[in-house]
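# Summary of structural features
Given next are the chains, with one letter for each unit.
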Amino acid sequence: MALDQSFVGRTYPATDPYEVGREKIREFAEAIGDTNPAYTDAEAAKALGHPDVIAPPTFVFAITFKAAGQVIEDPQLGLDYSRVVHGDQKFAYTRPVRSGDRLAVTSTIEAIKTMAGNDIIDIRGEVHDEAGEHVVTAFTKLVARRAEEA
Amino acid sequence: MTAQISYDDVEVGTELPAQSFPVSRATLVRYAGASGDFNPIHWNEKFAKEVGLPDVIAHGMFTMAEAIRVVTDWAGDPGAVAEYGVRFTKPVVVPNDDNGALIEVSAKVAAKLDDDARTVRVDLTAMSAGQKVLGMSRAVVRLA
């Protein structure tokens with residue numbers, strides 16, 4: 001069933017802030033095997049001009065995808081999450097995420113398309129810090145495969 | 001932001017040092033915990049096969065995280081990455097054996113975008129088992 005086009009442009013309320021912890025960044029960096037000292041050593045990060053350790057570029061996805069749950073689980077939209085696969089992902093950064101950030105995400109449905117029976121939804125997640133400054137925008141394309149294939 | 005590579009020193013076609021990233025089942029369990037993505041297709045072979053996959057597959061976001069290391073290691077400062085996007089074209093299949101899978105990433109400067117902002121576009125290629133696992137994989141990087 002095609003998704004309702006009237007949802008295009010809908011913006012969901014900003015999430016409660018997610019506080020980025022130094023040890024969570026370390027855990028993530030270790031999980032991807034990345035030993036860049038900017039992720040674990042505050043002095044190394046400062047030498048690069050950052051006020052504290054920074055997170056790897058894709059770290060923020062865990063936060064934006066959780067926020068996208070508002071869209072994915074919106075009963076009025078009716079997306080069948082059991083059929084959803086991740087199509088595309090893009091990030092546009094104003095600055096890297098860093099330890100101590102308190103990040104809120106505002107999710108907007110950018111586009112809804114149906115191609116060959118698959119529902120395709122583009123979600124934009126704007127991430128702002130506690131001061132209201134933009135940090136990064138995540139663009140997530142999800143594809144819900146048509147029911148016959150599931 | 002303090003990239004260690006100067007904009008003036010790169011040309012269109014400049015290749016970044018390629019890297020290969022091994023992936024085992026243990027890697028995926030660890031990434032699931034760190035990222036909070038516990039979808040069983042990434043650790044449960046029975047479940048993965050029931051939904052039509054050949055075997056357990058790596059998280060797309062894990063592959064995305066590995067591929068950009070070629071850029072962040074080259075630039076020196078991970079904060080030099082201004083944009084990064086990929087398309088997930090093929091899964092990285094991770095068998096339950098001693099070898100697991102390998103993600104092989106190469107990259108080159110595809111365009112010099114802005115002489116004032118000193119930004120370049122880097123195009124990445126990520127392969128696993130002879131298949132291209134990421135498409136449209138591009139980063140915009142602010143150089144020194």
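In what follows, the structure referred to is the one given above.
Criteria and cut-off values
- Residues numbered from 1 in each chain as written.
- Chains lettered and ligands numbered in written order.
- Predicted model: local features only at pLDDT ≥ 70, side-chain atom pairs only at ≥ 80, totals over all residues.
- Heavy atoms only, no water.
- Helix = DSSP H or I, 4+ residues; strand = E, 2+ residues; numbered from the N terminus.
- Areas by Shrake-Rupley, 256 points an atom, 1.4 Å probe, with all protein chains shown as cover.
- Buried < 20%, exposed > 50% of the residue type's maximum accessible area, 1.4 Å probe, protein only.
- Contact = heavy atoms within 4.5 Å.
- Patch = residues over 30% accessible without salt bridge, like charges linked within 9 Å, V, L, I, M, F, W, Y side chains within 5 Å.
- Salt bridge = Lys/Arg side-chain N within 4 Å of Asp/Glu carboxyl O.
- Buried area = accessible area lost by both parts, 1.4 Å probe.
- Polar contact = N/O pair within 3.5 Å; in protein donor to acceptor, adjacent residues only side chain to side chain.
- Nonpolar A, V, L, I, M, F, W, Y, C, P; charged D, E, K, R; others polar.
- Pairing = 2+ DSSP bridges.

Let us look at the overall build of chain B. For chain B, the count of helices and strands is four helices and six strands. When the elements of chain B are put in sequence order from the N terminus, they spell out β-α-α-α-α-β-β-β-β-β. When the accessible area of chain B is evaluated, it comes to approximately 6500 Å², of which 49% is carbon and sulfur surface.

Summing up its helical and strand segments, chain A has three helices and five strands in all. Reading chain A from its N terminus to its C terminus gives the helix and strand order β-α-α-α-β-β-β-β. Seen along its three principal axes, the alpha-carbon backbone of chain A occupies a region of about 55 × 30 × 20 Å. Residues classed as buried in chain A amount to 51% of the 150 residues present. Sequence-distant contacts, at least 24 apart, represent 69% of the contacts inside chain A between residues at least 6 apart. Total accessible area on chain A is roughly 6900 Å²; 51% of this is exposed by carbon and sulfur atoms.

Another point: helix α3 (residues 61-72) of chain A. Among all positions of α3(A), only Phe61(A), Ile63(A), Thr64(A), Ala67(A), Ala68(A), Gly69(A), Val71(A) and Ile72(A) are buried. Buried-residue contacts for α3(A) involve β1 (18-19), β2 (84-93), β3 (102-115), β4 (118-128) and β5 (134-144) of chain A together with α3 (60-67) of chain B.

On to a nonpolar patch on the surface, then. On the surface, a nonpolar cluster with roughly 330 Å² of combined accessible area is contributed by Val29(B), Phe38(B) and Trp43(B). Within the fold, Trp43(B) resides in the loop between α1 (25-35) and α2 (45-50).

The next point concerns the interface of chain B and chain A. Interfaces are often described in size by the accessible area the parts lose on coming together. If you look at the interface, chain B gives 30 residues, while chain A gives 31 residues. Both faces considered, chain B and chain A share a buried interface measuring about 2500 Å² in area, 55% of it formed by carbon and sulfur atoms. The largest contributions to the chain B side of the interface with chain A come from Ala34(B), Met61(B) and Pro78(B), which together make up 21% of the buried area. Across the pair Arg69(B) and Asp34(A) runs a salt bridge, and its minimum N-O distance is 3.7 Å. Our count for the chain B to chain A interface comes out at ten residue pairs in polar contact (both at pLDDT 80 or more). Elements supplying a minimum of two residues to the side of chain B that touches chain A: α1, α3, α4 (69-75) and β2 (81-88) of chain B. With eight residues, the single largest contributor to the side of chain B that touches chain A is β2(B). Here the side of chain B that touches chain A is built from residues that sort into 14 nonpolar, eight polar and eight charged. As paired strands, β2(A) and β2(B) are joined by five bridges and run antiparallel to one another.

Moving on to α1(B). Looking only at α1(B), the buried set comprises Arg25(B), Thr27(B), Leu28(B), Tyr31(B), Ala32(B), Ala34(B) and Ser35(B). Looking at the buried positions of α1(B), the neighbouring elements they touch are α1 (22-31) and α3 of chain A together with β1 (15-23), α2 and α3 of chain B. Measuring from the side-chain oxygen of the N-cap residue of α1(B) to the backbone nitrogen of Ala26(B) gives 3.3 Å; that N-cap residue is Ser24(B). Immediately downstream of α1(B), the backbone of Gly36(B) shows phi near 80°, a positive value.

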